[in-house]
Amino acid sequence: MIISSSIISLDFLSFEEELKRTVQAGIDWLHIDVMDGLFVPNITIGPMFLPFCKKATNLPLDVHLMINHPERHIEAFAKASADHISIHIENNPNVLRTIQQIKEFDCKAGIVLNPATPVESIIELLPFVDMILVMTVNPGFSGQKFLPEMLPKINTIRKLIDQSTQKILLQVDGGINKDTIKSVIEAGADVIVAATAIYKYPQGIKAGVDALRNF
Ligand code: DX5
Ligand code: ZN
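Calculation criteria
- Residues numbered from 1 in each chain as written.
- Chains lettered and ligands numbered in written order.
- Predicted model: local features only at pLDDT ≥ 70, side-chain atom pairs only at ≥ 80, totals over all residues.
- Heavy atoms only, no water.
- 1 Å grid on protein atoms, 1.4 Å probe; cavity = no way out; pocket = protein on both sides within 12 Å on 5 of 7 lines; lining within 4 Å.
- Points joined across faces, edges and corners; volume = space filled by probe spheres on them.
- Helix = DSSP H or I, 4+ residues; strand = E, 2+ residues; numbered from the N terminus.
- Salt bridge = Lys/Arg side-chain N within 4 Å of Asp/Glu carboxyl O.
- Buried < 20%, exposed > 50% of the residue type's maximum accessible area, 1.4 Å probe, protein only.
- Donors = N, O, S within 2.8 Å, 3.2 Å for Na, K, Ca; no water.
- Tetrahedral: all angles 85-135°; square planar, octahedral: opposite > 155°, others 65-115°.
- Near = heavy atom within 4 Å.
- Polar contact = N/O pair within 3.5 Å; in protein donor to acceptor, adjacent residues only side chain to side chain.
- Areas by Shrake-Rupley, 256 points an atom, 1.4 Å probe, with all protein chains shown as cover.

Roughly 370 Å³ of internal volume is contained in the largest pocket. The set of elements that each furnish at least two residues to the lining of the largest pocket consists of strand 2 (29-35), strand 3 (61-66), strand 8 (191-194), helix 7 (196-199) and helix 8 (205-213). A per-element tally of the lining of the largest pocket places helix 8 first, with 3 residues.

Attention shifts here to the pattern of salt bridges. Throughout the structure, instances matching the rule amount to 11 salt bridges. Between Asp162 and Arg158 there is a salt bridge, with its nearest N and O atoms 3.1 Å apart. Of the two residues, Asp162 and Arg158 are both situated in helix 5 (residues 151-163); the distance of 4 residues between them amounts to about one turn of the helix. Taking relative accessible area as the criterion, Asp162 reaches 52% and is therefore assigned exposed. Salt bridges here are not isolated pairs; linked through shared partners, they connect Arg158, Asp162 and Asp190.

Surrounding the zinc ion (ligand 2) are the protein donor atoms His31 (NE2), Asp33 (OD), His64 (ND1) and Asp173 (OD), at 2.1 to 2.3 Å. Of note is the zinc ion (ligand 2), whose 6 donor atoms meet at the metal with angles of 70 to 167° in an arrangement that counts as octahedral. Each donor residue of the zinc ion (ligand 2) lies on one chain, and together they are spaced H-x1-D-x30-H-x108-D. Of this pair, His64 sits in strand 3 while Asp173 is found in strand 7 (residues 169-173), placing the two residues 109 residues apart along the sequence. When sorted by exposure, His64 lands in the same class as Asp173, which is buried.

Another aspect to go through is the site of ligand 1. Taken together, 20 residues sit near ligand 1, with Asp33, Gly140, Asp173, Gly175 and Thr196 positioned nearest. Between ligand 1 and Asp33 there is a distance of 2.7 Å, counted from an oxygen atom to a side-chain nitrogen or oxygen. In this structure, an oxygen atom belonging to ligand 1 sits 3.2 Å away from a side-chain N or O atom of His64. Calculation on ligand 1 without its partners gives an accessible area of 380 Å², and the protein chains cover 99% of this total.

Next comes the structure, spelled out in structure tokens:
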């Protein structure tokens, strides 16, 4: 299991220390939630944060773009040291073009499905992607409640991946904590994203990560 910790819930007053604690806690990837206030109601951070994250951790940077016109920003994120770039398939008539653009910059390309988006909408894209991200909350905020209704969708995509010859990672994001993680892993996730369960864990980051690993 790969754990990608979403930095939007860390304590920005102690940015470097929090990132170092994240590494010490054994996190695999850093998840960067990018929101533009248009595709989702919230606004977070942009590419300028990535080189600092890379410098402090040297971890793979897993960028989740929740923005309109992601194609306009791929180059900036790639040049800022993104390793994985995932784009939503909603509100985007040029998804494949953008996936190809991500790969031209030697980044891994992911596609993201909102809770209301059906599995059928990604079938034709499977040969082109490195990762599929299933949202288990409405995108926009950390700290929301996990939607168990998404478990069958995760499992359907797991089966599709297993039937294909492609090497595709299945990532799940939203409301994952020590109580919900088991169902997500059993449904077939390879990569889980967590913000609140790591950065707001009462006993600290390391204990939060341990609680996820020992579900
Ligand atoms: C939601 C983001 C998530 C979120 C996860 O729009 O994509 O990555 O930060 O936060 P938690 O783990 O608190 O649900
Ligand atoms: Zn995310």
